[in-house]
Amino acid sequence: MNQGIILYGPPASGKDTVTAALRLLDSRYRLFQRLKVGPGRTEGYRMTTDTDLAALRARGQLLWENRRYGAVYAVDRPGVIDELARHVPVVHLGQVEAVDAIRSFEPSTHWTVVSLWCPRRVAEERARARGTGDLEDRMRAWDQTQSLDDADLCIDTAAHTPDQAALRIHQAVSRQSTQIAG
């Protein structure tokens, strides 16, 4: 059975930082690079075009897509399947419906779902430190992010270091792996 990790949370809750700590802990963990069309940061994404995204959409190959910060972000079925075959992908999401869509698309995959959170003031400090110039938009997205009631783990990233969070996640994934094998 394949395994993956979903890191769910609002902007600046620590998804990138925790993913980096997971990668240092175990090289099997890899950021799943979502597709992106539009402006802003390109690192951590597979940049594509509206035309290519429309073709995937027409073929029913998009598991999830959303619009934010003037861009379109998407999780594609072929990309996830490819990553599951080679690694333990770490998918970053910020919408409850996206978590459900990813969890349900491939029954032979076990997803460890982790809700990352921090107080709003901490998220605002982190977002300001990034210097991306879109603080208001990020904090509006933070306010709109719903709580995830059925996560396997909930971690306050203001109370835990990235290494502590990564270790907790790794332990949860390892427990699931043992249960699956047993």
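Details of the structure are given in the entry above.
All values reported here derive from a predicted model rather than from experimental measurement. (Residues numbered from 1 in each chain as written. Predicted model: local features only at pLDDT ≥ 70, side-chain atom pairs only at ≥ 80, totals over all residues. Heavy atoms only, no water.)

1. A closer look at the side chain of Gln95
- By secondary structure assignment, the location of Gln95 is in the loop between β7 (88-93) and α4 (96-105).
- Within the local environment of Gln95, its side chain forms a polar contact with the side chain of Trp64, the two groups lying 3.3 Å apart.
- With sequence-adjacent residues up to four places away left out, Gln95 is seen in contact with Tyr8, Trp64, Asn66 and Arg68. (Helix = DSSP H or I, 4+ residues; strand = E, 2+ residues; numbered from the N terminus. Polar contact = N/O pair within 3.5 Å; in protein donor to acceptor, adjacent residues only side chain to side chain. Contact = heavy atoms within 4.5 Å.)

2. Points about helix α5 (residues 120-130)
- When α5 is considered as a whole, its buried residues turn out to be Val122, Ala123 and Ala127. Taken down its axis, α5 places every buried residue within 130 degrees of arc, on the same side. Exposed residues lying more than 90 degrees from the buried face of α5 are Arg121 and Ala129.
- In this structure, the buried side of α5 is in contact with α6 (135-144).
- In the segment just after α5, Gly131 is the residue with positive phi, at about 65 degrees. (Buried < 20%, exposed > 50% of the residue type's maximum accessible area, 1.4 Å probe, protein only. Arc of directions from axis to C-beta.)

3. Some thoughts on the packing of aromatic side chains
- Scanning all chains against the criterion turns up 1 aromatic pair.
- Relative to Tyr73, the ring of Tyr45 has its centre 5.5 Å away and its plane inclined at 55 degrees; by these criteria the two rings are tilted. Remark: Tyr73 occurs in strand β6 (residues 71-76) and Tyr45 occurs in strand β4 (residues 45-47); sequence separation between them is 28 residues.
- On the basis of relative accessible area, Tyr45 is assigned to the buried category, the value being 15%.
- Owing to a relative accessible area of 7%, Tyr73 belongs among the buried residues under this scheme.
- Geometry around Tyr29 places Arg28 over its ring, the cationic atom sitting 5.7 Å from the centre.
- Geometry around Tyr69 places Arg138 over its ring, the cationic atom sitting 4.3 Å from the centre. (Phe/Tyr/Trp six-rings, centres within 6.5 Å; stacked < 30°, edge-to-face > 60°. Lys NZ or Arg CZ within 6 Å of the ring centre and 35° of its normal.)

4. A few points about the pairing of strand β3 (residues 34-37)
- Residues Arg34 and Lys36 line one face of β3 and the alternating positions Leu35 and Val37 line the opposite face, and both faces are buried.
- The pairing of β3 with β4 spans 3 bridges and is parallel. Of the residues in β4, the one forming a bridge with Lys36 is Met47.
- Of the pairings in the sheet, the one linking β3 to β6 comprises 3 bridges and is antiparallel in character. Its bridge partner being in β6, Val37 is matched across the sheet by Val72. (Pairing = 2+ DSSP bridges.)

5. Re the packing of α5 against α6
- Between α5 and α6, the shortest axis-to-axis distance is 10 Å and the interhelical angle comes to 150 degrees. Of the possible angle classes, the one that applies to α5 and α6 is roughly antiparallel. Classified by chirality, the crossing of α6 by α5 is right-handed. Mapping the contact onto sequence places Arg120, Ala123, Glu124, Ala127, Arg128 and Arg130 in α5 and Leu135, Arg138, Met139, Trp142 and Asp143 in α6. (Axes fitted to C-alpha atoms, helices over the stretch in contact; angles between N-to-C directions. Parallel < 35°, antiparallel > 145°, perpendicular 65-115°, else oblique. Left-handed = near helix turned anticlockwise from the far one by under 90°.)

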